[in-house]
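Report on the structure
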Amino acid sequence: MRKLAFLTCLMLLVVSFGVASAQETLTISFWGNVQEYAEGNSDNAAWEASYNLINQWAEEKGVAVEFISQPIDGIYDRIRTQLISGTLPDVVAMYPSNSFLTGNLDLLVNLTPYMSQPNPYGSFDTWSEEFWYDQSVGLRDTAIPAGEVYFVGNSLPSNIGQLVIFYNTEVFAEAGLERPDTFADLLTTCDALNAQGITPMFNDGTGPFFGWYTLPIVEGLYAPITTQILSAWGVEDAPFAVTGEMLAWAVQNGVLSGSNEYVLESARIMNELATRCWNTDWQAPDTSVDYFLTNRTAMTINGFWMLGLYGNSEDMNFDFGTFAFPLITEESTPLATLPFVRRWGGVEGGEIGNSYMIPATTEANGKLDLAIDLLQYLTARTTNDAWCATQPMPCIPKDQSVDEVVTDPVQQTQLFGFYNPTMSNDTAIRGIGDPTPDGVFNRLFMTYNSGTITLEELGEQVQTEWERWAERAIIDNGWDTSTWPAAPAS
Amino acid sequence: MSNFSVAQADLDGKDVPARSASRSSLLRAIWKNRILYLLLSPTIIGMIVFQYYPALTAFWGSFHSWDGRRARFVGLFNYEFFLEDPRLLQSWVNIFLLLIFNLASLAMPLLIAYLIYRLPNAAHRYWYRVLVVLPIIAPGFVFIVLWRWLFSLDGGINIILRALGVDSQVVWLGNADTALGSIMFMGFPWIEAFTVLIFLAGFIAIPSEMLDAAAVDGATGWQRFFRIELPQVQGQLKVLVILTFIGTVQDFGRALFMTRGGPGYATMVPGLRMYNAFTQENAYGYASAIGVILFIVILVLTLINQRLIRSTEQ
């Protein structure tokens, strides 16, 4: 009897193993900590929603999905290494970035041919039409040749600026302050807050915050340099139109230099912001606390993802609003030339959402059809709507204004900065600025801000580092300088 | 016999029988101890694959513009580029200062090991040893978080200073004048458990007869320490000095996690330049060149160090 029971158990085990083995498995490299998404307690609503949608697809399809957590710190290095070594899972879920793709596009599945075919989960004639946005927008703005699609994903359909300044509306109201419209207003606001013993604005010089401040200042002030570069190269003005190669040309031909008045003025302007607005410990703040959330500062720069985090945080005990980094006008510098703010964001969605790519190895492993099926499921218009509904930002179609959809004044204040000024191809950033990967400009700005070097010395040192960068970039990238445009007449 | 005639002799086969005999005896010895060689071989193969091969690859890579996938020979360009780095001097000065400090701070574990060794009660000796070793189990991340907080504007060090009546508003890691010193201060009181244990093992191994003889001869406590006990742990000290040399030149973890080499370039070290080249620039060739230069520096320093120690002994 015992033998019989044992044999039955054994057979059941063998059969169940056989069934399990017969089930197709798709492995997915997934952005962040999958455990948190599974437990439903992550801070990231966007990826948690994607995780749930993938599981939904797996259940409907009868497919086993194995998620592989990709810690966000250093994710692009790891994925690039895995891409080159051919060890990536079947699908990679991540925010697109061009840095690791340079020269490696042939290692990805080009999704362009699939775009003209119907999406079996969709309701349009082609997969392409399922997207709220131009499906190539996510990487149109980076290094991918126009029209080629290597990433698809979920996205809010609207035109949204991703980076905004969050401000404590209660502190502003008590101090009798309004949301600043210009950079000069912002500095005055900071002075008023300082006068009341309130630290105006948070920056962390050791993290991404620093770059988020530098970006709108540099993109605003370097406009004449950008124009000069684009005109020399005969390139149409567009988001990220200035490539690394153009920057190397600009450095070697003196168009972008440490002695350029716009470069020096951007450092001077940033120094005003640092001195009058930032927390005094900005060069090495205590990173274990959120200065804004804990009322240490009245403002901070951050991204759309914080909207949900701040909104849902139990520690949040004040109302907050947002505004875009304000326009630098002639009131602040005679070199201000742009009539609008250039900002990082998604034009008609695209960049703001989660994306997926398929490594070429998936085809060799016989999983391409399954991987494509998953991507089609995730990006069908109805699925995107379901994804959108879970996001902290409302899902506003591009032809509607935020105020038409959001009528609650508190929410309007919170969303203001993401939609004003509206993102468009004209206001999106061009990719101009410090080309060095280690952020030489920001590093040297720290020394300048602490009074160790003068503005002119900053310029000289920046120039040396940029020249070194250009020299190496030409060799590393194999750029043919003989095909470069002639140096502009001085 | 000139080199030519040795070669000629080989060709003529005159020396072949002797060499052949020695080779067969070597083979016999290997066969006799084949189990030992067999047991060693997985480790050696592992070392070749995971240690020697990457090191040789780095050497090869240092002469190439290499992004991990494509490589193009560029000769000495990567070396020249590194040596012409305007920040090079500062990063080596930083390493030098860290090295001096780390060598000097070996005195602390030496002192603690000696004090534990001199405790008369065996149970006390045991518990003090446990106390010294216990922090090893704390994850390194906790150590970093703690020290970052201690050095922050409203962190532990400023709290203590303010309690003592000093209105300290120093952002220790955010000030170019204090950042490197703060990194050195990390780990106060610099009692590294393994270092203490190595010294302690050395002290315990001192023959008691030697100490008894010194006592009979009327040696004082200082004489006993400097003339008998310290020379007896010289072997341990030599190993630790060499390890400190190697560890300091290679280390960039503290600079990376505490300051990212900043503010500006105040705490930049060559190892961090190598790490940044590898992770931020995908410049594997350049990172390899820095790695090779660090290897040469460590090798030279270690040889000089050994020579100095040997001459001191003589």
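Everything numeric in this text was worked out from a predicted model, so none of it was measured. The residue numbers shown here count from 1 along each chain, following its written sequence. Lettering of chains starts at A and numbering of ligands starts at 1, both following the order in which they are written. In keeping with the model being predicted, local features are shown solely for residues with a pLDDT of at least 70 and side-chain atom pairs are shown and tallied solely at 80 or more, while totals for entire chains, interfaces and linings include all residues. Values shown for side chains rest on all heavy atoms present in the structure; no hydrogens or waters enter the calculation.

A few words now on the state of the cysteines. All names here are of chain A. We call a pair of cysteine sulfur atoms a disulfide whenever their separation is within 2.5 Å. By the definition in use, this model includes 2 disulfides over all chains. Each sulfur in the disulfide pair Cys190 and Cys277 lies 2.0 Å from the other. Judged by the sign of its S-S torsion, about 105°, the bond between Cys190 and Cys277 is right-handed. Taken together, the residues span a long stretch of sequence, with Cys190 in helix H9 (residues 183-195) and Cys277 in the loop between helix H13 (261-276) and strand E8 (297-303) at a distance of 87 residues. For the pair shown, Cys190 and Cys277 are each scored as buried. Each sulfur of the disulfide joining Cys388 and Cys395 lies 1.9 Å from the other. Here the disulfide of Cys388 and Cys395 is right-handed, its torsion about the S-S bond being about 95°. Note on exposure labels: buried denotes an accessible area under 20% of the residue type's maximum, exposed denotes more than 50%, and partly exposed covers the range between, all computed with a 1.4 Å probe on protein chains only. Classification of Cys388 as buried rests on a relative accessible area of 1%. According to the relative accessible area criterion, Cys395 is partly exposed, its value standing at 29%. The disulfide pattern of chain A is 1-2, 3-4 when the bonded cysteines are numbered in sequence order. Segments assigned H or I by DSSP are reported as helices when at least four residues long, segments assigned E as strands when at least two residues long, and all are numbered from the N terminus.

Further remarks concern the interface of chain B and chain A. Residue contacts are counted whenever heavy atoms from the two residues lie within 4.5 Å of one another. Contact with chain B, which involves 38 residues of that partner, is made by 37 residues of chain A. When two parts are put together, the accessible area they lose, computed with a 1.4 Å probe and summed over both, is reported as buried area. Here chain B and chain A share an interface that buries about 3,200 Å² over both sides, 44% of which is from carbon and sulfur atoms. For this document, the term salt bridge refers to a Lys or Arg side-chain nitrogen within 4 Å of an Asp or Glu carboxyl oxygen. There are 4 salt bridges connecting chain B and chain A. One salt bridge in this structure joins Arg87 of chain B and Glu465 of chain A, with 2.9 Å as the shortest N-O distance. Polar contact criterion, stated in full: a pair of N or O atoms within 3.5 Å, where within protein one must be able to donate a hydrogen and the other to accept it, and residues adjacent in sequence count only if both atoms are side-chain atoms. Counting across the interface, chain B meets chain A through 15 residue pairs in polar contact (both at pLDDT 80 or more). At the level of elements, helix H4 (77-83), helix H8 (140-151), helix H16 (270-279) and helix H17 (284-313) of chain B are the ones that each hand at least two residues to the side of chain B that touches chain A.

Let us now look at the domain arrangement of chain A. Assigned domains within chain A: domain 1 (24-154 + 350-395) and domain 2 (163-342 + 411-483). Residue ranges assigned to each domain were obtained from an automatic or database domain assignment. Relative placement of domain 1 of chain A and domain 2 of chain A: their C-alpha centres are 30 Å apart.

Residues and elements named next belong to chain A. Between N-to-C directions, angles span 0 to 180 degrees; the directions come from axes that are lines fitted to C-alpha atoms, helices contributing only their stretch in contact. One way to put it is that helix H10 (residues 208-221) packs onto helix H20 (residues 440-449) with a least axis distance of 11 Å and a crossing angle of 100°. In terms of orientation, H10 and H20 fall into the roughly perpendicular class. Taken together, the residues of H20 that come into contact with H10 (itself represented by Phe210, Gly211 and Thr214) are Phe441, Asn442, Phe445 and Met446. Convention used here: angles under 35 degrees read as roughly parallel, angles over 145 as roughly antiparallel, angles from 65 to 115 as roughly perpendicular, and any remaining angle as oblique.

Attention now moves to the sheet that holds strand E2 (residues 64-70) of chain A. All names here are of chain A. DSSP bridges decide pairing: two strands pair if at least two such bridges lie between them. The 5 strands lie next to each other as E2-E1-E3-E11-E4, forming an open sheet whose pairing is mixed. Strands with a single pairing partner mark the edges of an open sheet, and in this sheet they are E2 and strand E4 (152-153). Summarising the sheet, E4 and strand E11 (residues 355-357) pair through 2 bridges and their orientation is antiparallel. Note that in E11 the partner of Val152 across the bridge is Tyr356. Against the sheet, helix H3 (residues 45-61) touches strand E1 (25-31), E2, strand E3 (91-94) and E11, its axis set at about 175° to E1.

This paragraph deals with the side chain of Glu229 of chain B. Residues and elements named next belong to chain B. In this structure, Glu229 sits in helix H13 (residues 221-232). We classify Glu229 as buried; its relative accessible area is 0%. Polar contacts involving the side chain of Glu229 include one to the side chain of Tyr114, which spans 2.5 Å. With residues up to four places along the chain from it excluded, the contact list for Glu229 reads Tyr114, Tyr117, Arg118, Phe203, Ile206, Leu211 and Arg224.

A word on the packing of helix H11 (residues 223-233) of chain A against helix H12 (residues 244-252) of chain A. Residue and element names in this part refer to chain A. It is at 11 Å that the axes of H11 and H12 come closest, and there the two elements cross at 105°. Considered as vectors, H11 and H12 are oriented roughly perpendicular to each other. The residues of H12 that touch H11, namely those facing Ile229, Leu230, Ala232 and Trp233, are Glu245, Met246, Leu247, Trp249 and Ala250. Classifying every residue of the contact of H11 with H12 gives 8 nonpolar, no polar and 1 charged. All residues other than Ala, Val, Leu, Ile, Met, Phe, Trp, Tyr, Cys, Pro, Asp, Glu, Lys and Arg, Gly among them, are scored as polar; the first ten of these are nonpolar and the last four charged.

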